[in-house]
Amino acid sequence: MSQNFDQIGLIMQLRNRGFHNTRVLGAMERVPREMFVLPAFAGQAYKDMALPIDCGQTISQPYVVAVMTEMLDVAPEHRVLEIGTGSGYQTAVLAHLAKEVFTIERHDQLRQTAQKRFYKLGLLNIKSFTADGRHGLPEHAPFDRIIIAAAAPEIPPALIEQLAENGVLVMPLGDTRESQQLTKITKSADGLISERNLSVRFVPLRKGIAGTKSEDI
């Protein structure tokens, strides 16, 4: 089965689930998902399912990537901050939609592997960092869009501060894995506007850099 056929099959799966945002689907069609999974799972790369990656993490289900990306509503002039690089798949999709993508990963092994994938794909508008994502990147703020690929009961205050006015932040909010919902936060002059969407299960947003004394064990 050719990669092109696999890509088309994935897009058809998403359309069959009721997802029809052509700009997001176009970006996803340009990212070869098999490059972002472990070799043992390459045959399942174009199934609509989450898959394990290194460091005990996962690559998100394509449908969830599509929904989060649509909620983020990225324009070509936007600067996007992503918390939780993981395999880099979501990052690569965002890179086809935004002017610049800044991505933070607490596992340096994952960040380095993802960065190699970005270079191989010619995605030169991505800047990756190994850091505690809860603190964001104040030196590069403000950001038009922020996406967080980990769950927390509330949004880290530093990330709200780094979100531009009229900016959008998307993340799973919830106290437990059973209570998480994808939530869109819009920052207006009058405050924050919250909209809830899909029920999901993400890993928790952890503090510190993995493998260091600052890590929250």
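Rules behind the numbers
- Residues numbered from 1 in each chain as written.
- Predicted model: local features only at pLDDT ≥ 70, side-chain atom pairs only at ≥ 80, totals over all residues.
- Heavy atoms only, no water.
- Helix = DSSP H or I, 4+ residues; strand = E, 2+ residues; numbered from the N terminus.
- Rg over C-alpha atoms; globule rule 2.2 N^0.38 Å.
- Buried < 20%, exposed > 50% of the residue type's maximum accessible area, 1.4 Å probe, protein only.
- Contact = heavy atoms within 4.5 Å.
- Areas by Shrake-Rupley, 256 points an atom, 1.4 Å probe, with all protein chains shown as cover.
- Lys, Arg positive; Asp, Glu negative; His and termini not counted.
- Charge placed at Lys NZ, Arg CZ, Asp CG, Glu CD.
- Pairing = 2+ DSSP bridges.
- Right-handed = clockwise from strand over helix to strand, strands pointing away.
- Salt bridge = Lys/Arg side-chain N within 4 Å of Asp/Glu carboxyl O.
- Axes fitted to C-alpha atoms, helices over the stretch in contact; angles between N-to-C directions.

## Comments concerning the overall build of the protein
What the protein contains, in helices and strands, is six helices and nine strands. What you see for the protein is a C-alpha radius of gyration of 16 Å, in line with the 17 Å of a compact globule of 217 residues. The principal-axis extent of the C-alpha atoms belonging to the protein is close to 50 × 40 × 35 Å. Looking at the protein as a whole, 50% of its 217 residues are labelled buried. Residue pairs in contact within the protein that sit at least 24 positions apart in sequence constitute 53% of those at least 6 positions apart. For the protein, the accessible area works out to roughly 10200 Å², and carbon and sulfur atoms hold 51% of it. Taking the average location of the 24 positive side-chain charges in the protein and that of its 24 negative ones, the two points are 4 Å from each other.

## Some points on the pairing of strand β9 (residues 191-199)
In terms of strand pairing, strand β8 (residues 181-188) meets β9 through seven bridges, oriented antiparallel. Residue pairing for β9: Lys 184 is matched across the bridge by Glu 195. Between β8 and β9, which pair antiparallel one after the other, the connecting turn spans two residues.

## Overview of the pairing of strand β5 (residues 126-130)
With five bridges joining them, strand β4 (residues 100-105) and β5 adopt parallel strand pairing. The residue of β5 that forms the bridge with Val 101 is Ile 126. With respect to chirality, the unit in which β4 leads through helix α5 (residues 108-120) into the neighbouring parallel β5 is right-handed.

## Section: the pattern of salt bridges
Counted according to the given criterion, the structure contains six salt bridges. For Arg 134, the salt bridge identified is with Asp 132, shortest N-O distance 2.7 Å. If you follow the salt bridges from partner to partner, you end up with Arg 79, Glu 100 and Lys 127 in one network.

## Considerations on the sheet that holds strand β3 (residues 79-83)
Ordered by their spatial adjacency, seven strands build an open sheet running β5-β4-β3-β6-β7-β8-β9, and the pairing between neighbours is mixed. Of all strands in the sheet, those with a lone pairing partner are β5 and β9, marking the two edges. On average, each strand axis in the sheet is tilted by 15° relative to the strand beside it, whichever way the strands run. Here four bridges tie β3 to strand β6 (residues 143-148), and the two strands are oriented parallel to one another. Looking at β6, one finds that Leu 81 is bridged to Ile 146. Its contacts with the sheet place α5 against β4 and β5, and it is angled at close to 165° to β5.

## Side note on the side chain of Arg 117
With respect to the secondary-structure elements, Arg 117 resides in helix α5. Despite its burial, Arg 117 pairs with no opposite charge, the nearest such side chain being Asp 54 at 6.1 Å.

## Quick look at unusual backbone geometry
In this model, Ala 141 is joined to Pro 142 through a cis peptide bond whose omega is 5°. Checked against the element boundaries, Pro 142 lands in the loop between β5 and β6. Despite not being glycine, Cys 55 shows a phi value in the positive range, around 65°. Structurally, Cys 55 can be placed in the loop between β1 (51-52) and β2 (58-59). The backbone phi angle of Asn 166 is positive, close to 70°, even though this residue is not glycine. Along the polypeptide, Asn 166 turns up in strand β7 (residues 163-173).

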